[in-house]
Each structure stands twice: as structure tokens, then as C-alpha cells.
Amino acid sequence: MSDIKLFHFNGDQVMELAGAAVQVEKSLQHLFEANLDALLGIRFLASEHSTGAVHGGRIDTLGLDEDNSPVIIEYKRSVNENVINQGLFYLDWLLDHRKEFQWLVMERLGSEVAKTVDWSAPRLLCIAGDFTRYDEHAVKQIARNIELIRYRRFGEDLLMMELVHAPKTARVSPLIVQKRVTEEVASGQASPDDADPYWANRMSYRLSQASTKLRDIYDAIQQFVTALGDDVQVKELKQYTAFKRIKNFICLQIYPQARSVVAYLKLDPLTVELEDGFSRDVTNIGHHGTGDLELSLKSMVDFEKAQPLLRRAYEGG
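Only a predicted model underlies this, so the values are computations on that prediction, with no experimental measurement involved. (Residues numbered from 1 in each chain as written. Predicted model: local features only at pLDDT ≥ 70, side-chain atom pairs only at ≥ 80, totals over all residues. Heavy atoms only, no water.)

Student: Explain the pattern of salt bridges to me, please; I cannot follow it from the model alone.
Tutor: A side chain with one charge may pair with a side chain of the opposite charge, provided their charged atoms come close. The tally for this structure, following the rule as stated, stands at 16 salt bridges. In this structure, K266 and E66 form a salt bridge, with 2.7 Å as the shortest nitrogen-oxygen distance. Taken as a pair, K266 in the loop between β13 (260-265) and β14 (279-281) and E66 in the loop between β5 (58-65) and β6 (70-76) lie far apart in primary sequence, 200 residues in all. The exposure class of E66 is buried, given its relative accessible area of 19%. Of the charged contacts, one joins R150 and E162 as a salt bridge, the two residues approaching to 2.9 Å between their closest N and O atoms. On the criterion of sequence distance, the pair formed by R150 in strand β8 (residues 146-154) and E162 in strand β9 (residues 158-165) is long-range, its members being 12 residues apart. Note on R150: relative accessible area 7%, which makes it buried. When salt bridges with common partners are traced through the structure, they connect D65, D67, R123, E147 and K235 into a single cluster. (Salt bridge = Lys/Arg side-chain N within 4 Å of Asp/Glu carboxyl O. Helix = DSSP H or I, 4+ residues; strand = E, 2+ residues; numbered from the N terminus. Buried < 20%, exposed > 50% of the residue type's maximum accessible area, 1.4 Å probe, protein only.)

Student: How do you make sense of the sheet that holds strand β15 (residues 293-297) when you look at a structure like this?
Tutor: Sheets are built from strands paired through backbone hydrogen bonds, the pairs being either parallel or antiparallel. In spatial order, the strands read β10-β11-β12-β13-β15-β14; together these 6 strands make up an open sheet with antiparallel pairing. At either margin of the open sheet sits one strand with a lone partner, and together these are β10 (233-236) and β14. Strand-to-strand twist of the sheet, defined as the mean angle between neighbouring strand axes without regard to direction, takes the value 20°. Relative to strand β11 (residues 241-244), β10 runs antiparallel, the two sharing 4 bridges. What sits directly across from Q233, in β11, is K244. On top of the sheet, helix α10 (residues 202-209) reaches β11 and β12 (248-255); it is set at about 50° to β12, its chief contact. (Pairing = 2+ DSSP bridges. Axes fitted to C-alpha atoms, helices over the stretch in contact; angles between N-to-C directions. Contact = heavy atoms within 4.5 Å.)

Student: I tried to follow the nonpolar core on my own but got confused; where do I start?
Tutor: Side chains of nonpolar character tend, in soluble globular proteins, to be buried together. Within the largest apolar cluster, 33 residues are counted, with the highest numbers of intra-cluster contacts made by I221, V225, I250, L265, L295 and L310. Those elements that place two or more of their residues in this core are α10, α11 (212-226), β12, β13, β15 and α12 (300-316). If you tally residues by element for this core, the top one is α11, at 7 residues. Among the nonpolar cores identified, the runner-up in size contains 26 residues, and I72, I84, L91 and A114 belong to it. (Core = buried A, V, L, I, M, F, W, Y, C linked by side-chain atoms within 4.5 Å.)

Student: Please clarify how the pairing of β6 should be interpreted in this entry.
Tutor: For a regular strand, side-chain orientation follows a simple rule: the groups alternate between the two sheet faces. Of all 7 residues in β6, 7 are buried, a share of seventy percent or more. With burial as the criterion, each face of β6 is covered, one bearing P70, I72, E74 and K76 and the other bearing V71, I73 and Y75. Strand direction decides the pairing type here: β5 and β6, joined by 4 bridges, are antiparallel. Looking across to β6, one finds that L64 is bridged to P70. Connecting the antiparallel pair β5 and β6 is a turn made up of 4 residues, with N68 showing a positive phi of about 65°. Where β6 lies against strand β7 (residues 123-128), 6 bridges are found, and the strand directions are parallel. Note that in β7 the partner of V71 across the bridge is R123.

Below is the structure:
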């Protein structure tokens, strides 16, 4: 059981609030589905989605995250329920029914978003009032993107979420990347030169072309951010590297020709003293990744200057 306790202060008096899991299964699912974006950074697509007569199942919740990766959410309603194996079954079904998923995205979020779905690292989120030690051990042995989130309700209006387990680095399937790129080449969205899985990851290509000095800056940022806490996850994507806890808090890009590493932080630009050439407000400017504050780092001096802001983004994430 979770050992987290919540106390309410009223002057000199302290009262412990009793925590509880939601007993009625649908109320938990409805609570999350109504607030997916605020709670998890996920856009809602479907509830109780049928996997068809052959598979004979229903996926609790389907969504699309901040990085346009497909997400399956399963809610564990009892201690003995094997929600992880069930979720893995649905994850395999999803990879075999990508067109069906993209059709859902198009209907709910539009055709432009449907074109950007990234199949390299789909996610499985298991949400429960608690997990057994066997659950936590099992997910560590499975090479898939599985996250365990424990929740507690306190009173009528407080919800606590605890990230019990998440892969430190999102696992990307080379076969999925290869299949995706082959399709992009066939449809004219990519050139034949991109057919090699290595070149398909444009972030990897830009890293390979960066100078030693620029790569050192990128590596220093990555090491600093991942050391901020054990809950930091790293997700390598085609256009950027995302650092997240439950939601993204920093997205990192590298531009060899501009000799710059660019970071997008989940911080309100109005709370930061902006500096020409180093920081700017991109709230209304389109860009890859998430975050409204842009930092341009061209030296280790810039990296030193960015550290308090990187830490603030983590603490707010």
C-alpha cells in the first residue's frame, strides 16, 4: 500500500485526511477521461473501444499524448486483476490496427493531427488504487513502454497521483520505425534516402552532424535533467528529445548549422525575465515539442545560466 499521507493545517491544528481508492469502477474511469489533458497530458479519443469479435475485448481508454504517441489506459479494479497482461494484449492489437486508430484521431482531432501520429513508442498506462510487488517486478522485466500510476482520493475534491513505475528511456521499436518510414517513402512523404532506420530518426542525424562542442552542451543538459529525479523519463522522438515525469516538462532539439541547442520548457514566460538571444516567449509561435519558454544555448555559459530554469520546469512538471 502507498505510505503517502495528506494533512490539513488549520491554524495550530493538524488533521489527517483519510485517503481512499474509488470503489465504483466507472467513477474512476469517468474522472480520468473527463480530465485526461490536465491530469496526464493526453488527448481523449475513445472509451470502451471494442477490439472486435476476434479479439473480444474492450480497451478502457484510448488517447494521444503530447508527443503524438498512441496511449492505452487500463484501470485496475481489484488487487488480483492482471491488468498488465491485458494491456499488453491490447497494445499488440493496436499496432496491428494502426489505420483504425488514425481514423479515430482524424474524427476526434482532425486530419492534420492524424498525419502526425508517431508509432515508434506507443504507451500503456495502468492506473490503480494500488499495485502488488509482483506488478512492479513484472513491468521491469518487460521491454515495453508501461507506466504504473497509483491514485488516492482525499475528501471530496482532492486527487493524488503517484508515478510508481515508468521506463527511464522510452523503448523505440526499430521494426516499427522501419515500417513507418517505408510507408512514408511509398506515399512521397519521405525520400528514399530516409529508408534506413538510422536516418529515419532525424534527431539522431542532427546529433551525428553536430560539433563536439555542441554535442557536449546537449549531453550536459541531458545529464543535468535526468539527474533532477528518479522519475525523469527520456523519450527520443524524430524531431526532439522529450523529458517527462507524468507529463513533458522539457523538449530538447539540436541544430548543427545554427550551432545551437534549443530547449522548450513548461514554464510561463511571464514569470521569466527574457533575454535577447537566450530566452523568448513562444506561446503563440508554432514549434516541435511542448513548452512556451524557448532557450537557445550556444555555450556552457548558457547552460549554467539555464540550470535554474531547467530545475523550475522539473519541479513544476
